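# Summary of the model geometry
Okay, here's what each chain looks like letter by letter:
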Amino acid sequence: MHKKLSKDAYGGVQGKNYVPYVSSGSKSGGNIAILIIGILLAALFAASTAYSGMKSGLTVAAGIPGSIIGSAFIAIFAKQKGILGKNLVQGMSSGGESVASGIIFVLPSILLIGGNISFLEGFIVSIGGVLFGMGIASLVYKNLVVEEHGNLMFPESMAISETLVASEGAGESMKYMGIGFVVSGVITLVTGSFLNVANNVISYVNEKFYKWKLEVEVNPLLLGIGFIVGIEVSLTMFAGSVLANFAIMPLISYFADFAREGERVWNDPSVALGGMQVNQISGSYVKYIGAGMMLSGGLIGAIKLIPTIVVSIKETVSAKSTDQAGKSSFASLLLIGGIIVGFIAGFFISDGNFVMAIIGSILSFFLSLLFVIVSGRLTGTIGTSNLPVSGMTIASLVIVTLLFVIMGWISPGHNKSLLLFGTFIVTAISIAGGYSQSQKVAFIIGGEKNEMDKYYLLASLVGVTVVIGVILLLSNQLAITGDNVPFALPQANLISTLTSGIMSGELPWHMVIVGAIIGIVLFLLKLPIMTIAIGFYLPIATTSIILIGAIVRLFVEKMSKSEHEKETRVGNGISLSSGLVAGGSIIGLVGIILQVLGVIKGTGPKGFAASNGMGYILLVVLIILTIFPLIKNKVNNARE
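Let us look at the structure shown here. (Residues numbered from 1 in each chain as written. Predicted model: local features only at pLDDT ≥ 70, side-chain atom pairs only at ≥ 80, totals over all residues. Heavy atoms only, no water.)

### Considerations on the packing of aromatic side chains
Aromatic ring pairs: the centre-centre distance and the angle between the two ring planes describe each pair. Summed over all chains, the structure comprises 15 aromatic pairs. Between Phe73 and Phe77, the aromatic rings sit 6.4 Å apart at their centres with planes inclined by 25°, giving stacked as the arrangement. Placement of both Phe73 and Phe77 in helix 2 (residues 63–77) is noted, with a separation of 4 residues, approximately one turn of the helix. For Phe73, a relative accessible area of 33% translates into the label partly exposed. The exposure class of Phe77 is exposed, given its relative accessible area of 53%. Ring centres of Tyr254 and Phe255 lie 5.2 Å apart, and the angle between their planes is 65°; this geometry places the pair in the edge-to-face category. Given the relative accessible area of 47%, Tyr254 is considered partly exposed. Site record: aromatic cluster; members linked through ring pairs are Phe132, Phe343, Phe365 and Phe424. Here the guanidinium or amino end of Lys454 rests over the ring plane of Phe330, the centre of that ring lying 5.4 Å away. (Phe/Tyr/Trp six-rings, centres within 6.5 Å; stacked < 30°, edge-to-face > 60°. Helix = DSSP H or I, 4+ residues; strand = E, 2+ residues; numbered from the N terminus. Buried < 20%, exposed > 50% of the residue type's maximum accessible area, 1.4 Å probe, protein only. Lys NZ or Arg CZ within 6 Å of the ring centre and 35° of its normal.)

### As for unusual backbone geometry
Phi at Asn196 is positive, roughly 60°, even though this residue is not glycine. With a phi angle near 40°, Phe209 is a residue other than glycine that sits in the positive phi range. Following the sequence through the fold, Phe209 ends up in the loop between strand 1 (201–206) and strand 2 (212–217).

### As for the pairing of strand 2
Both strand 1 and strand 2 contribute to a ladder of 6 bridges, which runs antiparallel. Note on strand 2: the bridge partner recorded for Ser203 is Glu215. The antiparallel hairpin formed by strand 1 and strand 2 contains 5 residues in its connecting segment, where Phe209 sits at a positive phi of about 40°. (Pairing = 2+ DSSP bridges.)

And the structure:
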């Protein structure tokens, strides 16, 4: 057994030839203690993600915090299971969080359109989504995780794997992880998601003549992700942001200035079209172009993957060895279960409308199939933290809503059924990202795919129960709309606006179609549509700090005198970045929970602490504290 992840974990060998961290002995990590720890963490992350996500619209991926907290529990209660047990626990943490990250985007929309939700309705559509999403993701597992080893980087999976290995006593990577964790923890502690005493967003917004916005969110977690994914992906994403903020936004504002008196923004009658500010242009128009780009990117990506799907299904059906058959049959079982539960849910939520039940279910399966595969691929590119689940869900719901309009199902009751079908789709998309990420960790560490399947499924079921419980518990507060609401529900608000907008015929269709056309142009230019679309859709504050993380890595590589030195530094840098991601996740999560509970009442930074200057100071501190340990270390080694 190695003391550290081998270089091959990051590529350079074919997936089928990769030797995992645990390469001999029993591959099973599970027992009753692991199961209980996993269920507790799945419930914890599901509840906190649901709460914080509905409050702020932000969710924190649970794989790394789960692996760290899980390691501590395992050291006390299930020491003999070691790293394989920790692997299962991080998977179960991700399962609980992934379910929450999906359901909260759509299910609360029903409350916003004035409907009610029963526990059974929410439960049955979400469970169907879990089974179907896991079934499809399991079928394409071999392609995404094994055959694409080294091509799809799975940055967060690698960070989680490094975390698990570091917890086994590999001193060097644990040291760098520790540095990253402390740096990230301290910066997160003083900013918005915790004490809220220092501004961490450097912001330049031009509201005159040529309207544009450039922001950098000084977020150690995102800088760490940028270091891990590297310059190519980061630049491509940033290109999408530049297109949105420096070309499309000023263009829309130019034409909006010609609007007649009394013309209003389509989804906010309180704002005059000619008087829109940058954020209103972005939220009411540019975002929908991004949704259109994702729509075409998702469809094109899925069409390109049809051969992969066919091969995966053929392999599943004709699995020869008993070992393989066992693994494949569980995947098939999940998929068949998802289809059966999906149809039952379809009949249950369609209010006796037989045609709606059949057509709605089939379309939900088709869209889930497309976006589950896209979700798995994107997790391999950028990790689950930045997975544009809401973008893929918006694209799906536009299609389902169009079908409903064509069929004449446009009453509020029909809208509720539509949003329940949407909950099935979003759960499948979201669960697939967490599942692919967890299975990649199992592949790198040497755990059993089949065992992870079963533990992940159980965690997801726990997650569904907890999340729907939280939504029902808070339903009175969630239904409040207007200014200063207790829960912002940004995604659910967008989706309720979108679906009721299409049903009533009010939606900026031009924007969605323009986005789809841009997606097709990018495809014809052989450019990565989804990566650019994500950059277009995400705030520029997010993509700019990811790019800075990649530039830091580039700088560290250029400062290295030999190939060996470069490799060592980048390896240490990835450990340090994993610490940045871990520290930001855990401290951010604790902070949001404490804010929500009212323990911390951050009134916000004041004076200089609220200025761009403060943001610059934090950025410089973060960059120096990231680069210095990596450069300094190699100077010592060079002397030896």
